[in-house]
Amino acid sequence: MSSKKTILYQGKAKKIIKGPDRHTLIQFFKDDATAFNKKKHKLFKGKGVLNNLISAFIMTYLKSKKVPSHFVKRINDREQLIRKCEIIPIEFVTRNVVAGSIAKKLGLKEGTKLKKPLLEYYYKEDKLDDPMISRDHVVAFGWATASEIKKIDKMSLEINRYLKMLFIKKGIVLIDFKIEFGRLASNPKKIVLADEISPDSCRLWDKKSNQKLDKDVFRRNLGSLMKAYEEVASRLGIMH
Ligand code: UDP
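None of these values were measured; they are calculated from a predicted model.

### With respect to the site of the ligand
Okay, so step 1: Near the ligand there are 16 residues, and of these R95, S101, D176, R203 and R219 occur at the shortest range.
Okay, so step 2: Within the side chain of D176, a nitrogen or oxygen atom sits 2.6 Å from an oxygen atom of the ligand.
Okay, so step 3: S201 places a main-chain nitrogen or oxygen 3.4 Å from an oxygen atom of the ligand.
Okay, so step 4: Protein chains bury 77% of the 500 Å² of accessible surface belonging to the ligand in isolation.
Okay, so step 5: Sorting the residues of the shell around the ligand by element identifies β9 (90-97), β12 (172-184) and β14 (202-206) as the ones contributing at least two each.
Okay, so step 6: Looking at side-chain class alone, the shell around the ligand contains five nonpolar, three polar and eight charged residues.

The structure is reproduced here in structure tokens:
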């Protein structure tokens, strides 16, 4: 068997490698952390291993709740086998508590609880700094159909409910998160959760102290990123 791997796509924190057959791919988790559209970049030894573990755990948990995703299985420390899909070029953000860009944009205090979960869409285009768009933009520009967006909104809210439940049991508040969706290559009508769910893409605050256990530790120089991610893994019971 050849050990050569064909890299199909290089992302900021992951790369996509050719899979064992035409409907699968391998998702490889790197140690890179980037913020502010790559203006800030650093390597954290072992971050990829942790995010692979955490994301695999969460995708498996969501699968048990009947949330369809591209995730098949974790293959090794850094790799997952995933189902191939056509990624919808939108970052779907769900918020429970005000933080990050929404706090800045609207001049609101971080930590303010929202009256209901807030769904936002950002067009995935680094050159434009991922601009915020409306549901109408998504449909008008043909990035997804109205019925796909309806499905995605419903799935996002379901995922939010399950993740909030999972984390609060571990003393962690889910502030917000970003997810991506795709159309399965084997069945393009089927929308599945894709990419990853990890402390790189969520805001997670300790319930008692409000200590940040996510990528804001890196964005805002708040201490050891690895310690924060290890804390998340250990509370989820996937690292000893
Ligand atoms: N997020 C992400 N990738 C991005 C932008 C945001 O994973 O390119 C996540 C971020 O970690 C947070 C949520 O989406 O959990 C909302 O991010 P926000 O809009 O507040 O932007 P930020 O200020 O974090 O860039």
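Anyway, onward from the coordinates.
### A closer look at the packing of helix α1 (residues 47-64) against helix α6 (residues 225-235)
Okay, so step 1: As a packed pair, α1 and α6 sit with axes 10 Å apart at the nearest point and diverge in direction by 25°. On the basis of the axis angle, α1 is roughly parallel to α6. In the crossing of α1 with α6, the sense of the turn from one axis to the other is left-handed. Along the contact surface, α1 presents K47, L50, N51 and I54, while α6 presents L225, M226, Y229, E230, V232 and A233.
Okay, so step 2: For the contact of α1 with α6, the per-class residue count stands at seven nonpolar, one polar and two charged.

### What about the pairing of β14?
Okay, so step 1: Taking burial as the measure, the five residues of β14 include five buried ones, the bulk of the element.
Okay, so step 2: In this sheet, β14 lies alongside β12 in antiparallel orientation, the contact comprising five bridges. Of the residues in β14, the one forming a bridge with D176 is R203.

### A closer look at helix α4 (residues 146-168)
Okay, so step 1: In this model α4 runs 33 Å from its N-terminal to its C-terminal C-alpha over 23 residues, within 8% of the 33 Å that 1.5 Å per residue would give.
Okay, so step 2: Within α4, the full set of buried residues consists of E148, I149, I152, D153, M155, S156, I159, N160, Y162, L163, L166 and F167.

### Considering the side chain of E91
Okay, so step 1: Secondary-structure assignment places E91 in strand β9.
Okay, so step 2: One buried charged residue, E91, forms no salt bridge at all, with the nearest opposite charge on K178 at 4.1 Å.
Okay, so step 3: Beyond its immediate stretch of four places on either side in the chain, E91 contacts E120, Y121, Y122, K124, D130, K178, I179 and E180.

### Structural notes on a positive patch on the surface
Okay, so step 1: On the surface, K63, R83, K151 and K190 cluster together into a patch of positive charge.
Okay, so step 2: Mapped onto the fold, K190 is located in strand β13 (residues 187-194).
Okay, so step 3: The exposure class assigned to K190 is partly exposed, which follows from its relative accessible area of 35%.

### Regarding the environment of K66
Okay, so step 1: With respect to the helices and strands, the residue K66 is situated in the loop between α1 and β6 (71-74).
Okay, so step 2: Residue K66 is classed as exposed on the basis of its relative accessible area of 73%.
Okay, so step 3: Residues K66 and Y162, 96 residues apart in the sequence, show an inter-C-alpha distance of 11 Å.

### Brief notes about the pattern of salt bridges
Okay, so step 1: Tallied over the entire structure, the rule returns 21 salt bridges.
Okay, so step 2: D200 serves as the salt-bridge partner of K47, at 2.5 Å between the closest nitrogen and oxygen. Of this pair, K47 sits in helix α1 while D200 sits in the loop between β13 and β14, placing them 153 residues apart in sequence. The burial state of K47 is the same as that of D200; both residues are buried.
Okay, so step 3: Measuring nitrogen to oxygen at the nearest pair gives 3.2 Å for the salt bridge that ties D195 to K178.

Thresholds applied
- Residues numbered from 1 in each chain as written.
- Predicted model: local features only at pLDDT ≥ 70, side-chain atom pairs only at ≥ 80, totals over all residues.
- Heavy atoms only, no water.
- Near = heavy atom within 4 Å.
- Polar contact = N/O pair within 3.5 Å; in protein donor to acceptor, adjacent residues only side chain to side chain.
- Areas by Shrake-Rupley, 256 points an atom, 1.4 Å probe, with all protein chains shown as cover.
- Helix = DSSP H or I, 4+ residues; strand = E, 2+ residues; numbered from the N terminus.
- Nonpolar A, V, L, I, M, F, W, Y, C, P; charged D, E, K, R; others polar.
- Axes fitted to C-alpha atoms, helices over the stretch in contact; angles between N-to-C directions.
- Parallel < 35°, antiparallel > 145°, perpendicular 65-115°, else oblique.
- Left-handed = near helix turned anticlockwise from the far one by under 90°.
- Contact = heavy atoms within 4.5 Å.
- Buried < 20%, exposed > 50% of the residue type's maximum accessible area, 1.4 Å probe, protein only.
- Pairing = 2+ DSSP bridges.
- Expected span 1.5 Å × (residues − 1).
- Lys, Arg positive; Asp, Glu negative; His and termini not counted.
- Salt bridge = Lys/Arg side-chain N within 4 Å of Asp/Glu carboxyl O.
- Patch = residues over 30% accessible without salt bridge, like charges linked within 9 Å, V, L, I, M, F, W, Y side chains within 5 Å.
- Charge placed at Lys NZ, Arg CZ, Asp CG, Glu CD.

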